[in-house]
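Secondary and tertiary structure notes
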Amino acid sequence: MRAAGVEMTGADLLVGLDIGTTSSKAVVFTNAGEPVAIGRADTEWTRSTAGTEITAEQLRDAAFLALSRAVDASPPGRIAGVGIASIAESGVLLDDGGRSIAPVIAWHDRRDGEELEQLTRTIDPVRFRSTTGLPLRQQWSLTKNRWIARHVPRAAAATMRLNVAEWVAFALGARPSTEPSLASRTGWFDIHTGSWWDEGMEFARVSADTLPELEPCGTDLGCITADVHPRLLGAHITIAGHDHQAAAVGFGAYNPGDVLDSCGTAEALVRTAVPPVAPETVDALAAGGVTTGWHVLPGRWCLLGATEGGLMLGRILRALGVDDFASGLDKAARALTSPSVDVAVDDTGRAAIQAIGDDASPAHIWRAAVERATADADILAQLIADATGPNTRVVAAGGWTASAALIDAKRRAWGAVTVPAQAEAGARGAAVFAGVASGSWGNVDSAFGAAHR
């Protein structure tokens, strides 16, 4: 799809690629920040009783297809660079021929329950949390990698391990590298020293020899040589890190005190902080469900807390038999002075409608649901603020921001909340780093003529 009304001047184009759980999205931007084309391809996970996985080749091919579709739809112009952001935690194991030798396990897969139990017995939970900045739970790379080591014999031949964005960059022609914000989601990275953590690697059964050198976002990792699209050949490649943080860059919400409230299926609060954060504070944050790790921006850290708020809201709508909450329901919910209903949510995002009053209506239930989602997010927001200082600027984005009732609830809780008009912020942030790598600008703050803020 080509953006209407955009006149090209012959200046270079930049591509941001965002490899997500649902799909890969590639967006072509002018160097003034105008999106001119987009391409998508679904992420085709295989789901079974064992769990949720995909092959490295399927991830690569979906990313390549999204890139090809975007470039096909874009106006003429030289493509100077491609930046790649992605989901975290999932990893790719390669042999000495660069071939994948194990499945790529989804970040939300729960097959590693036994490995998590072993982790709690092997490594002191406080030491794990304070070193890695991660809560002790099923999500991180180390328990998934240990599961693979136990169940996939070919994995013993691995000579390189890459995160998803790094794998796609390597497949495009980049030199192997590891990006710090993605390394921070593995469980074998010491966030305080910025180096690999021996105890975590030993548990995960991963060798330091298989982990490429750490290089920050915006590093020029080489040029595209893969046969994806003729116009992409020679474009500079860089990593743009963890997709949530790339989105914060895309919206310009990356200064200390800025918070990106990403209102998707999982509601994620992304806060930029200035290190150091004391190990005891890191431990307290992780115990409360907030991760601490390296940011996509050098010299900054990222605090990230997530709830199942979006998942709960979707379930409430389906229970109400409503497909489009904007058709009267949201407006009626905003007009209420109190919900006359309570919505409770468990750890999996399942919702229970309680304390139903005599005047309860679908609008009351929807108002209660958005209030609950906001209250749960506020717990994390307050935990973050208590640890690192006030949240001074909140930017809300994602599908659920279409609910004015939800935005009202957030503004009652947090004061001013900005809802940007831009879409595909992850790809936009990735394009910002593509501009750095290709020399279009010197740093993130000068990207797109500073028009991204």
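Shown above is the structure to which this text applies.
This report concerns the structure included in the present document.

How each quantity is defined
- Residues numbered from 1 in each chain as written.
- Predicted model: local features only at pLDDT ≥ 70, side-chain atom pairs only at ≥ 80, totals over all residues.
- Heavy atoms only, no water.
- Pairing = 2+ DSSP bridges.
- Helix = DSSP H or I, 4+ residues; strand = E, 2+ residues; numbered from the N terminus.
- Axes fitted to C-alpha atoms, helices over the stretch in contact; angles between N-to-C directions.
- Contact = heavy atoms within 4.5 Å.
- Core = buried A, V, L, I, M, F, W, Y, C linked by side-chain atoms within 4.5 Å.
- Buried < 20%, exposed > 50% of the residue type's maximum accessible area, 1.4 Å probe, protein only.
- Polar contact = N/O pair within 3.5 Å; in protein donor to acceptor, adjacent residues only side chain to side chain.

It is worth spelling out the sheet that holds strand β12 (residues 236–242) at this point. Within the open sheet, the five strands sit side by side as β3-β2-β1-β6-β12. Their pairing is mixed. Two strands in the sheet have a free side with no partner beyond their single neighbour: β3 (35–42) and β12. For this sheet, the mean angle separating the axes of adjacent strands, direction not counted, is 15°. Relative to β3, strand β2 (residues 23–30) is paired through seven bridges, and the arrangement is antiparallel. Residue pairing for β3: V28 is matched across the bridge by A37. Packing against the sheet, helix α14 (residues 425–438) makes contact with β1 (13–19), β2, β6 (79–86) and β12, and its axis sits at approximately 130° to β1.

Right, let's get into the nonpolar core. Counting 48 residues, the largest nonpolar core has L17, L67, I84, V168 and L172 as its most contacted members. Top element by residues in this core is helix α1 (residues 56–73). It accounts for 10 residues. Ignoring anything within four residues of it in the chain, the contact list for L172 reads F64, L67, I84, C223, I224, T225, A226, V228 and I237.

Reading across the sheet, the six strands line up as β15-β16-β14-β13-β19-β20 and stay open at both edges, with mixed pairing between neighbours. The open sheet is flanked by β15 (290–294) and β20 (417–418), the only strands paired with a single partner. Pairing geometry for strand β13 (residues 258–263) and strand β19 (residues 393–397), over five bridges, is parallel. Its bridge partner being in β19, V259 is matched across the sheet by V394. Here helix α9 (residues 279–287) sits on the sheet and contacts β15 and β16 (301–307); the angle it forms with β15, its principal contact strand, is near 135°.

Examined against the element boundaries, W414 turns out to sit in helix α13 (residues 404–414). Separated by 217 residues in sequence, W414 and W197 have C-alpha atoms that sit 37 Å apart. If near-sequence neighbours (up to four positions away) are discounted, W414 is found in contact with D261, L269, A377, D378, A381 and V394. Within the structure, W414 has its side chain in polar contact with the side chain of D378 (distance 2.7 Å).

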